[in-house]
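# Topology and contacts: notes
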Amino acid sequence: MGRERETPKEQQQVSYTVEQLVAVNPYNPDILPDLENYVNEQVSLQTYSLDANLCLLRLYQFEPERMSTQIVARILVKALMAMPAPDFSLCLFLIPERVQMEEQFKTLIVLSHYLETGRFRQFWDEAAKSRHIVEAVPGFEQAIQAYAIHVLSLTYQKIPRPVLAEAINIEGLSLDKFLEHQAANGGWILEKGHGRGQLIVLPQNEFNHPELKKSAADSVPLEHITRIFPILG
Amino acid sequence: MASNYEYEEASATYDDAHRQDLGYDPNFVPDSVKSFVVHLYRHIREKNVYEIHQMYEFSFQTLSDRLFKEAPWPSVDAVAHYVDNDQVFCLLYREMWFRHLYARLSPTLKQRIDSWDNYCSLFQVVLHRAVNMQLPNQWLWDMVDEFVYQFQSFCQYRAKMKNKTEQEIALLRQYDQAWNVYGVLNYLQAFVEKSNIIQILEQEKEGLEQFTANDGYDYSGGSNVLKVLGYFSMVGLLRVHCLLGDYQTGLKCLLPIDISQQGVYTSVIGSHITTIYHYGFANLMLRRYVEAIREFNKMLLYIYKTKQYHQKSPQYEQILKKNEQMYALLAICLSLCPQVKLVEDTVNSQLREKYGEKMARMQRYDDEAFGLYDELFSYACPKFITPSAPSFEEPLVNYNQDAYRLQLKLFLYEVKQQQLLSGVRTFLKVYSTISLGKLANYMEVDEPTLRTILLTYKHKTHAVDSDGKIISNADVDFYIDDDMIHVVECKPVKRYSDYFLRQIVKLEGVINDMDRIKLD
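For every chain, the first residue of the written sequence is number 1, and numbering continues from 1 along that sequence. Think of it this way: whatever chain is written first is A, whatever ligand is written first is 1, and the rest follow in order. The model is predicted, so local features are restricted to residues of pLDDT at least 70 and side-chain atom pairs to those at 80 or more, both for listing and for counting; the totals for chains, interfaces and linings are taken over all residues. The basis for the side-chain values is all heavy atoms of the structure; hydrogens and waters are excluded.

### Overview of the overall build of chain B
A run of H or I in DSSP counts as a helix once it spans at least four residues, and a run of E counts as a strand once it spans at least two, with each numbered from the N terminus. A count of helices and strands for chain B gives 22 helices and five strands. In what follows, residue pairs with any heavy atoms lying within 4.5 Å of each other are defined as contacts. A fraction of 73% describes how many contacts in chain B between residues 6 or more apart in sequence connect residues 24 or more apart. In these tables, accessible area is a Shrake-Rupley quantity obtained with a 1.4 Å probe, and a residue counts as shielded only by the protein chains included in the view. Carbon together with sulfur atoms contributes 50% to the accessible area of chain B, which is approximately 23800 Å² in total. For the purpose of counting charges, residues Lys and Arg are taken to be positive, whereas Asp and Glu are taken to be negative. His and the chain ends are not included. A single reference atom marks each charge: NZ on Lys, CZ on Arg, CG on Asp, CD on Glu. Counting 56 positive and 67 negative side-chain charges, chain B places the centres of these two groups 3 Å from one another.

Quick look at the structure:
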């Protein structure tokens, strides 16, 4: 397509068309440039489309000489931001081993490893050393912080302040502000812990409060029941 | 059941056997073959699906075993004049001809390319002309299945560049479109689209279509070929995407088929197994272990109960092989996600017999364990392919293992990340509450490390399902209150609703059948 300057409205139209392409005509080498543009668009507009990115990685697999490692790196960063979804692994399955050996990809794989194993301190240390990779994608920090909070919410009813601080890489006054905001809007409660400083009470969910677990697992979709309506009479 | 077809089953004469020894004469047509094509042609014209099926599944096998054990069938040119030179029949005959060749002999590069051409011609006809045939589902499934198989075989063949002759390299360069990945995927996609199968399945849910109820056959005078090929192509797409390592898209392609129900995919045992095998494998790679366990369990139980009926079938060996592979995959899933209560007793006892000891060792997560994960994965995984064209520059290398090595490496990487979880699980099963300090002591790690291990446990046991929701895989769970761990025993999620629904429908069927019996 090769449009250079686009107003936000036109950009919306381009992404709609790209999604359509991926749905209707995905096995088509001609859409490769569109998909590459779309990756860049996802980065700048802070949107995300796993299907489109997988489609592009497939095309790179079919024609390795057309692969752009820069685009692949951007796709991987976006996938990291999608955690806890396994998107990062899904992308790696499609990237040849020799490409994964390159420095920037080794770094991204290490970052993913830290996140997958809850090693947030090591993650933020490593991310600080690789600013050029992660700062290229706006929204990265917030996305990882959201993931950290997600895992913490699965695990803790009450979490000590230092543990939280380390996980989301916010300290001091910024952390105070952050906590205030979450208390006001996110249902967090700030308590005084015994001797060791603040305790943060995270919102209740079925994972950190097992009594909230509904037996939704045995629920039946309506369409299955409709099959037996004629029998039930 | 008396067979109704009237052609003479001529026993192989000395001449026939003699000719095999002398070498293959493509123009020699034994009488039994002449009879076979004449009758098959007639049955197809008369839309006699039952007869077609008998001839396709059994007569073809019998003749192959008797006359063509190690030789190809007569060439299509030799039989064409017996069947009015009918273009479509010739394409169908050739498709069977190549399938037989692949099964009994080793195809040459030229034959591989010719087979591709034949598929292109056959598919073009089905896609662009209104064919007026009804073919048995078994045959239509075999076409799609064989198409994907020959593609996979070609990629494996092409990736072994090291010992290729000058001739072969020249042919590969010349016919670079043959078995091109774009071509393969686009044909499958074209079948799905042109047949409108997705809309048909949607409309069926609202009672506006009768596809599954008729097993895909068309009782209003039309043809089932395009529709059923479209349907099976969805399974074909799932398979191709798994071979490429794109599990997410593979599952997406299968989405229109509801695997919690019977459907056309269960009407052919080969299609049923292929669907569930790849569905389960994709879910395993997506870390949706519970889903994989559920489906493997159902499939393995089904095979256990029904395999005796397929003993004489040409697919029997394949059924057994896939059965073993699924047990291996089930062993892997259960080692990573111990939810044994999801497995039926029969399947469980088979599993213990085959892999009980290995599973115990796998859960130790030491070096030996990783070796076992490697072994089982390598045995059970699909034959991954590298879809891109080879490099013709010296030195020529073999890269046919690259795709497999990558998938194995990433799988073992995931297993490694779950290494410490088994230890946590053991402790959690013993305590109802325990302080972080104490547990850290027992596990011989410091407290911050324990916190990360517990976070890993939570993350790995709470997968993201296809709708983006979080679902827990954990058999034993916990939450932390400041520095105190509270353990929660999880009840296994056994789905009774599906079972009851199935039994209700089944009973209704039995009652209806009984009503139809007229007692004199």
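This is not the end of the story, as more comes after the structure.
### What to know about the interface of chain B and chain A
Size of an interface, as often reported, equals the accessible area lost when the parts are brought together. Contact with chain B, which involves 60 residues of that partner, is made by 63 residues of chain A. For the pair chain B and chain A, the summed buried area comes to about 5500 Å², and 59% of that belongs to carbon and sulfur atoms. Between Lys or Arg on one side and Asp or Glu on the other, a salt bridge is scored when a side-chain nitrogen of the former is within 4 Å of a carboxyl oxygen of the latter. Remark: the boundary between chain B and chain A carries five salt bridges. A salt bridge links Lys409 of chain B to Glu97 of chain A, with the nearest nitrogen and oxygen atoms 3.4 Å apart. In the analysis that follows, any N or O atom pair within 3.5 Å is treated as a polar contact, provided that within protein one partner can donate a hydrogen and the other can accept it, and provided that, for residues neighboring in sequence, both atoms belong to side chains. For the pair chain B and chain A, the interface holds 24 residue pairs in polar contact (both at pLDDT 80 or more). Each residue gets one of three labels, nonpolar for Ala, Val, Leu, Ile, Met, Phe, Trp, Tyr, Cys and Pro, charged for Asp, Glu, Lys and Arg, and polar for the others, Gly among them. Considered class by class, the residues forming the side of chain B that touches chain A number 25 nonpolar, 17 polar and 18 charged. Paired strands, in this sense, are two strands between which DSSP finds at least two bridges. Relative to strand E4 (residues 476-481) of chain B, strand E1 (residues 156-160) of chain A is paired through two bridges, and the arrangement is parallel. Each bridged residue has a counterpart across the sheet, and for Tyr156 of chain A the counterpart in E4 of chain B is Ile480 of chain B. Once two parts are joined, some of their accessible surface, as seen by a 1.4 Å probe, is lost; buried area is that loss totalled over both.

### Describing helix H5 (residues 87-104) of chain B
Residue and element names in this part refer to chain B. Expected helix span is taken as 1.5 Å per residue step, with the number of steps being one fewer than the number of residues. Taking 1.5 Å as the rise per residue, H5 with 18 residues should run 26 Å; its terminal C-alpha atoms sit 26 Å apart, in good agreement. Counting buried residues along H5, 14 of its 18 residues qualify, which places the element largely inside the surrounding structure. Backbone nitrogen of Val88 and a side-chain oxygen of the N-cap are separated by 3.1 Å at the start of H5; the cap is Asp86. The rule is simple: take the accessible area with a 1.4 Å probe, protein chains only, and divide by the maximum for that residue type; under 20% is buried, over 50% is exposed, in between is partly exposed.

### Here's the deal with the nonpolar core
Within this scheme, the nonpolar core is defined by two criteria: the residues are buried Ala, Val, Leu, Ile, Met, Phe, Trp, Tyr or Cys, and they are joined through side-chain atoms within 4.5 Å. Formed by 243 residues in total, the largest nonpolar core has its most connected members in Leu135, Trp139, Tyr231, Ile332 and Phe411 of chain B. Composition of this core by domain shows at least three residues from each of domain 1 (16-138) and domain 2 (156-210) of chain A. Setting aside chain neighbours within four positions, we find Trp139 of chain B in contact with Leu40, Ile44, Ile52, Tyr56, Leu92, Glu95, Met96 and Arg99 of chain B. Per the annotation, domain bounds derive from an automatic or database assignment of domains.

### Topic: the domain arrangement of chain A
Structurally, chain A comprises domain 1 (16-138) and domain 2 (156-210). The C-alpha centroid of domain 2 of chain A is placed 32 Å from the C-alpha centroid of domain 1 of chain A.

### Quick notes on the side chain of His278 of chain B
Relative to the helices and strands, His278 of chain B is located in helix H13 (residues 269-285). For His278 of chain B, a relative accessible area of 4% puts it in the buried group.

### A closer look at the packing of aromatic side chains
Two rings from Phe, Tyr or Trp (for Trp, the six-membered ring) form a pair when their centres are within 6.5 Å of each other. A pair whose planes differ by under 30 degrees is stacked, one over 60 is edge-to-face, and the rest are tilted. Under the criterion given, the structure shown has 39 aromatic pairs over all chains. A centroid spacing of 5.0 Å and a plane angle of 75° characterise the contact between Phe123 of chain A and Trp124 of chain A, whose relative ring orientation is edge-to-face. Take Trp124 of chain A: its relative accessible area is 9%, and that puts it in the buried class. Ring centres of Phe178 of chain A and Trp188 of chain A lie 6.0 Å apart, and the angle between their planes is 80°; this geometry places the pair in the edge-to-face category. Here the residue Phe178 of chain A occupies a position in helix H12 (residues 172-185), and Trp188 of chain A occupies one in the loop between H12 and strand E2 (189-193), the gap between them amounting to 10 residues. Looking at Trp188 of chain A, the relative accessible area reads 6%, which means it is buried. Feature note: the residues Phe93 of chain A together with Tyr247, Phe281, Tyr365, Tyr373, Phe377, Phe384 and Phe411 of chain B constitute an aromatic cluster, connected by ring pairs. Charge-over-ring placement is defined geometrically: NZ (Lys) or CZ (Arg) within 6 Å of the ring centre, and within 35 degrees of the ring normal. Its guanidinium or amino end placed over the ring of Tyr157 of chain B, Lys164 of chain B lies 3.9 Å from that ring's centre, counting from NZ or CZ. Across from the ring centre of Tyr277 of chain B, 4.4 Å away, lies the NZ or CZ of Lys322 of chain B, which sits over that ring.

### Re the pairing of E1 of chain A
Residue and element names in this part refer to chain A. Where burial is concerned, most of E1 is hidden: four out of the five residues are buried. Relative to strand E3 (residues 197-201), E1 runs antiparallel, the two being bridged by three bridges. In the strand pairing of E3, Lys158 is matched with Val201.

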